[in-house]
Every structure is written in C-alpha cells, then in structure tokens.
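Chains, contacts and geometry: an overview
Below, each chain spelled out in residue letters.
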Amino acid sequence: MLLLAFDTATPAVTAAVHDGTAVLAESYEVDARRHGELLLPTIDTVLRSAGVDKRELTAVAVGVGPGPYTGLRVGLVTAAALGDALGVPVHGVCTLDAIAHQARTEGLAGAFTAATDARRKEVYWAAYAADGTRTAGPSVDRPGDLAPPARSVGAGALLYPDAFPGATGPAHVSAGALAAFAAAELAAGRDLLPNAPLYLRRPDAQVPAGYKAVLPA
C-alpha cells in the first residue's frame, strides 16, 4: 500500500504518505484562507519527502468533513482529479474520525467528543466510545445545546470551554492520523466513505428570493 492522504475540512492544510505500516512523510500548515493555493504544493512536498512518485500510489484518502463548503471542496475535487488521473481508488474519511483517532493515539482514554468549529456559533461534533468507535454524529449544533462531555478534543471544543470543560488538542486534523486511520480500516477489510462532502447544512451563499423585476413582463 502507498496511500496519499490529505484534508482541507478545517483551517489546516495537511497531507501525508503512508505505506500501510507507518507515515513516510507529512506536512501540516494552518491557513484557513489558502487551501486552494497550498494543497497541491503540500502534496508535492510530501511525495518528494517520502521518495514516492505519484504513479506509485495505490490509493488516495481524503477528509470529507464535516467542514465549510469552500475549503472542503478543494480537497474533494483534488482527490477526484488525482484518482481519475492515476487510476486509483479514492476513499473518504470523516474528518472527526481522523481527529478522534489522533487523540487516542496521543493517549486520550475513555469516551470523548470531537468537535470542530462550524462558524455561526455552532460546532461539528461526534461522540466516541473508549475504543474509538463513533457512537453519535457527525452533527452540527450550538455548543450550549449539547450535554457537556467528560472529555473532548478539537478546535470547536477549545473555542467553547463552558460547553466543553477541560477540552484538549489536537485542534485540527493531521493527515498522518487520517492516513493511519484509513490504512487500518482498509487492512481490516472495512469500507470507508465515498468521496462526497459531509456538509450537514446549507451553504452560507443563497440564491436571493423575491427578485424585483427590471424588465417589463
């Protein structure tokens, strides 16, 4: 296995190469306004660092959110283009699952909630059992509408300490964690998600209603 993984569902632009056993190279940069500008150079950097030609890749894994429309689509379109050009499968991974996997790898024990910033004073969240199995979500809600979890991770949890007491990192997803999660799921014969966005709500941009007629009918 030579898996290229990346995610643009959070403010982090992150990519990694995984050989089925370990991460060979990884890049991580937080810049919420430059996903489109940074992603392809980041992918090129990790491939070079890993000493892997893109034609050697056997699969692509991409974070499918939930996340904001503009950033998320950068990763999804890039994954689709690479998969088509290289003739390799593209696997979707829930970004919250990757954050949860990273948190457990870094030593978090017990059941917990992962939450990212959904803007509009809301969070994208999912709940996980001690073994990492997702037990609820992904969903989008106001933090105050959720029962305070005993343990929580992610930028959304860190942003609202009253609703998520004692929240810790990781704040954003790491492509290395996403790659490791995807590789483990594939090795176990479990299906991942399609390359389709988990938006969970309508985009901010809306077609205006009630146009005022400019020309006579």
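Residues numbered from 1 in each chain as written. Predicted model: local features only at pLDDT ≥ 70, side-chain atom pairs only at ≥ 80, totals over all residues. Heavy atoms only, no water.

A few points about helix α1 (residues 35-50)
Basically, it comes down to this: Runs of H or I in DSSP of at least four residues are treated as helices and runs of E of at least two as strands, each being numbered from the N terminus. Expected span of a helix: the number of residues minus one, times 1.5 Å. A 1.4 Å probe rolled over the protein chains alone gives each residue an accessible area, and that area as a share of the maximum for its type sets the label: buried under 20%, exposed over 50%, partly exposed in between. It is the directions from the helix axis to the C-beta atoms whose arc is reported.
Compared with an ideal rise of 1.5 Å per residue, which puts 16 residues at 22 Å, α1 spans 22 Å between its outermost C-alpha atoms and is within 8% of the ideal. Within α1, the full set of buried residues consists of H35, L38, L39, T42, I43, V46, L47 and A50. Relative to the axis of α1, the buried residues are bounded by an arc of 160° and lie together on one face. Turned more than 90 degrees off the buried face of α1, the exposed positions are E37, L40 and R48.

Let's talk about the sheet that holds strand β6 (residues 112-119)
The pairing of strands in a sheet comes from backbone hydrogen bonds and takes either a parallel or an antiparallel form. To be explicit about the condition: Strands were regarded as paired on the criterion that DSSP finds at least two bridges between them. In what follows, a contact means two residues having at least one pair of non-hydrogen atoms within 4.5 Å. An axis is simply a line fitted to the C-alpha atoms; with a helix, the fit covers only the stretch in contact. Between two such axes, the angle follows the N-to-C directions and lies from 0 to 180 degrees.
Taken in spatial order, the 4 strands line up as β8-β7-β6-β9 in an open sheet, and their pairing is mixed. Each of the sheet's edge strands pairs with one partner strand only, and the pair in question is β8 (134-141) and β9 (152-153). Judged from the 5 bridges that link them, strand β7 (residues 122-128) and β8 form a sheet pairing that is antiparallel. Across the sheet, A127 pairs through a bridge with A136, a residue of β8. Packing against the sheet, helix α3 (residues 95-105) makes contact with β6, β7, β8 and β9, and its axis sits at approximately 135° to β6.

Focus on the pattern of salt bridges
We count it as follows: Salt bridges are counted wherever a side-chain nitrogen of Lys or Arg sits within 4 Å of a carboxyl oxygen of Asp or Glu.
For the structure on display, the rule yields 6 salt bridges. Residue R55 pairs with D53 through a salt bridge whose shortest N-O separation is 2.9 Å. Note on D53: relative accessible area 29%, which makes it partly exposed. Salt bridges sharing common partners tie together D31, R34 and E37.

Structural notes on the sheet that holds strand β4 (residues 59-63)
A sheet is described by the order of its strands in space; here 5 strands give the open sequence β3-β2-β1-β4-β5, paired in mixed fashion. Either end of the sheet is taken by a strand with one partner, and the two such strands are β3 (23-30) and β5 (90-93). Neighbour to neighbour, the strand axes of the sheet diverge by 15° on average, direction disregarded. Contacts between α1 and the sheet are confined to β1 (3-7), β2 (12-18) and β3, with β2 contributing the most and set at about 25° to the helix. On top of the sheet, helix α2 (residues 69-86) reaches β1, β4 and β5; it is set at about 170° to β4, its chief contact.

Quick word on the environment of D141
What counts is decided by this rule: For this analysis, a polar contact is any N or O atom pair within 3.5 Å, provided that within protein one partner can donate a hydrogen and the other can accept it, and provided that sequence-adjacent residues contribute only side-chain to side-chain pairs.
Structurally, the position occupied by D141 is in strand β8. Along the chain, D141 and P165 lie 24 residues apart, while their C-alpha atoms are 17 Å from each other. Sequence-distant contacts of D141, that is, excluding residues within four places in its chain, are made with E122, V123, W125 and L146. Reaching out from D141, the side chain makes a polar contact with the side chain of W125 at a distance of 2.8 Å.

Side note on the pairing of β1
In terms of burial, β1 is largely enclosed, as 5 of its 5 residues are buried. Strand direction decides the pairing type here: β1 and β2, joined by 5 bridges, are antiparallel. Pairing of L4 across the sheet is with V17, part of β2. Direction of pairing for β1 relative to β4: parallel, over a ladder of 4 bridges. Looking across to β4, one finds that L4 is bridged to V60.

A few points about the side chain of D7
Rule in force here: Charge convention: Lys and Arg are scored as positive, Asp and Glu as negative, and His as well as the terminal groups of each chain are ignored.
Note on placement: D7 falls in strand β1. For the buried D7, no salt bridge exists, and the shortest N-O distance to an oppositely charged side chain is 12 Å, to R119. Here A9 takes part through its backbone nitrogen, which lies 2.7 Å from a polar atom of the side chain of D7. Excluding residues within four positions of it along the chain, D7 makes contact with A12, V13, T14, G63, T95, V173 and L178.

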